[in-house]
Amino acid sequence: MSTSVFDRAHRRTTAGLLMLVTFIAFEAMAVGTAMPTAVADLDGLAWYAWPFSAFLVASVVGMVVGGSVGDRRGVRVALPWGVAAFAGGLLTAGVAGDMVVFVAGRAVQGLGAGVIVVLLYVMAGQAYEPAVRPRLFGAISTAWVLPALVGPLVAGLLTTHASWRAVFLGLLPLILVGLALVLPAVRTLPRPEHPGGEAAGWWWAVLTGLGIAALQYAGQRRDAVALALAVVGAGALVAGLRPLLPRGTARAARGLPAVVASRGLLAGAFFGMDALLPLTLTQVHGFSATAAGVPLTAGAVGWAAASQLQGRRPDLPRERLLRVGFGLLAGGLAATSLAALPALGGWSAYGSWAVAGLGMGLGMPSVGVLLLAQSPEHRRGADSAALQISDVTASALCIGLAGVLVAAATAGELSLPAAVLGSVAVFTVLALAGVAVAGRAAAPGGAAGETPTLAAS
């Protein structure tokens, strides 16, 4: 049996899937670099976290919709709509004249991205045998290399010498090219043989998003109304997540719940700092947009390199690689705290964030393999959606926390370096918690339908 993702049976699907990942990666790398300049130009520095949070919150809804439609009607139905929403959001953000329109555009973009990301996992489950999946997830992470190398650089140059708007609008042609390449591959995928995945209820996803937004807004108000908002937001978040995540996710119960919880811990710790790092380097150290984007490149290259390495060892237990990944992430985060100190110049982030990227390169593919090993075919869309919901919810909460601290610094209540150090401390604790959780991510007694090696890997 072939173990290549580019053999005759897989090459068209692999090419289309990797193209889809590539233009999403361009967006993630480029937009993160341009964001400090964009929010400053729109007089929204105190609301720095909201364009990130709006994207993530809306993507929760997109994930539920994408998972449900993927299970019931197949990838070919949902994918064009997801790409269209993603492109529409880019256009809206690129022409925005104020923060409200800009945040709205990011929300529409997030809705489309949520649909797309879940469908990547549905495609992986439909088109690839278990033995091939570690290499597939390695290839997916490797697809970030080119965007990681040129995305921040191009975004920095465009932002410095043209306009931050070009970063958003310039991605539209890439999306059209990506859709044209991936559609032929999608049409070859079979329709679900046993349609399942009844809609979990998009309203639960909306409730989750409203809870996150209420918590973030409460943190920025910091007055008597804020307490009531925080209570309501926390209640909405818990109520919304309960039907969307596997039972036991909050306590990282052994098996699939621990896999989903691990994804949230990885994403929250890494992306919370990934969003904050360019702002830290530009505001604390006076870096240009181009120079501030270089650590993001280093992190993404480390991610891709480690992911490629893990793909070559499908025999290694994935929960062990996950634990090592969390350890590297914690170390990288702790070292990145040095970039918040004005006296040290910020250059340490170039190396420390590469270490954090190595941790993600081991951890993220391992989580994907563990999910597919423990999820039955008729549940892969819903379970993949749960994985992504855990990811974006934790990311939104962590970025929101950083945004609250940045807003406090903008109001003069503390220094920006103190805000960054407080954020890094929380993110590092989350990564260390992941080291403890990783051992619980293995399938209890072996996953049905998988070999013992693959169940662990």
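Residues numbered from 1 in each chain as written. Predicted model: local features only at pLDDT ≥ 70, side-chain atom pairs only at ≥ 80, totals over all residues. Heavy atoms only, no water.

1. Focus: the overall build of the chain
Helices and strands together make up the secondary structure of the chain, namely 17 helices and zero strands. A globule of 457 residues ought to have a C-alpha radius of gyration of about 23 Å, and the chain, at 20 Å, matches this closely. Taking the principal axes of the C-alpha coordinates as reference, the chain spans close to 60 × 45 × 40 Å. Buried residues in the chain amount to 60% of all 457 residues. Sequence-distant contacts in the chain: of pairs separated by 6 or more residues, those separated by 24 or more amount to 86%. Surface exposure of the chain reaches about 16,800 Å², of which carbon and sulfur atoms provide 68%. For the chain, the distance from the average position of its 27 positive side-chain charges to the average position of its 18 negative side-chain charges is 7 Å. (Helix = DSSP H or I, 4+ residues; strand = E, 2+ residues; numbered from the N terminus. Rg over C-alpha atoms; globule rule 2.2 N^0.38 Å. Buried < 20%, exposed > 50% of the residue type's maximum accessible area, 1.4 Å probe, protein only. Contact = heavy atoms within 4.5 Å. Areas by Shrake-Rupley, 256 points an atom, 1.4 Å probe, with all protein chains shown as cover. Lys, Arg positive; Asp, Glu negative; His and termini not counted. Charge placed at Lys NZ, Arg CZ, Asp CG, Glu CD.)

2. Looking at the pattern of salt bridges
If you walk through the whole model with that rule in mind, you get one salt bridge. Across the salt bridge formed by D391 and R263, the nearest N and O atoms sit 2.7 Å from each other. Within this pair, whereas D391 is found in helix α15 (residues 380-410), its partner R263 is found in helix α11 (residues 256-285), the two being separated by 128 residues in sequence. Taken as a pair, D391 and R263 share a single burial class, namely buried. (Salt bridge = Lys/Arg side-chain N within 4 Å of Asp/Glu carboxyl O.)

3. Examining the nonpolar core
One recurring pattern in soluble globular proteins: nonpolar side chains tend to sit buried together. Core analysis: the largest hydrophobic core is formed by 136 residues, its most contacted members being L79, F102, M273 and L329. The contact partners of F102, leaving out residues within four places of it in the chain, are M35, A38, L42, P51, A93, A96, W164 and F168. (Core = buried A, V, L, I, M, F, W, Y, C linked by side-chain atoms within 4.5 Å.)

4. Observations concerning the side chain of T280
With respect to the helices, strands and loops of the structure, T280 is situated in helix α11. Assessed through its relative accessible area of 1%, T280 is described here as buried. Ignoring sequence-local partners within four residues, the contact set of T280 consists of H285, A339, A340 and V420.

5. A few points about the packing of helix α1 (residues 11-41) against helix α3 (residues 75-95)
Between α1 and α3, the shortest axis-to-axis distance is 13 Å and the interhelical angle comes to 20°. One element, α1, and the other, α3, form an angle in the roughly parallel class. With respect to the hand of their crossing, α1 and α3 are arranged in left-handed fashion. Only L79, V83, F86 and L90 of α3 make contact with α1, whose side of the interface consists of L20, F23 and E27. For the contact of α1 with α3, the class distribution of residues is six nonpolar, no polar and one charged. (Axes fitted to C-alpha atoms, helices over the stretch in contact; angles between N-to-C directions. Parallel < 35°, antiparallel > 145°, perpendicular 65-115°, else oblique. Left-handed = near helix turned anticlockwise from the far one by under 90°. Nonpolar A, V, L, I, M, F, W, Y, C, P; charged D, E, K, R; others polar.)

6. What to know about a positive patch on the surface
Judged by side-chain charge, R242, R247, R251, R254 and R440 come together as a positively charged surface patch. Note on placement: R247 falls in the loop between α10 (224-241) and α11. In this structure R247 comes out as exposed when scored by relative accessible area, which is 78%. (Patch = residues over 30% accessible without salt bridge, like charges linked within 9 Å, V, L, I, M, F, W, Y side chains within 5 Å.)

7. Examining the layout of surface pockets
The calculated volume of the largest pocket comes to roughly 740 Å³. Forming the boundary of the largest pocket are 23 residues, of which L241, L245, T249, A250 and A261 lie nearest the centre. Of all the secondary-structure elements, those providing two or more residues to the lining of the largest pocket are α10, α11, α15 and α16 (416-437). When residues of the lining of the largest pocket are assigned to their parent elements, the largest contribution, five residues, is made by α15. Here the residues of the lining of the largest pocket sort into 15 nonpolar, six polar and two charged. (1 Å grid on protein atoms, 1.4 Å probe; cavity = no way out; pocket = protein on both sides within 12 Å on 5 of 7 lines; lining within 4 Å. Points joined across faces, edges and corners; volume = space filled by probe spheres on them.)

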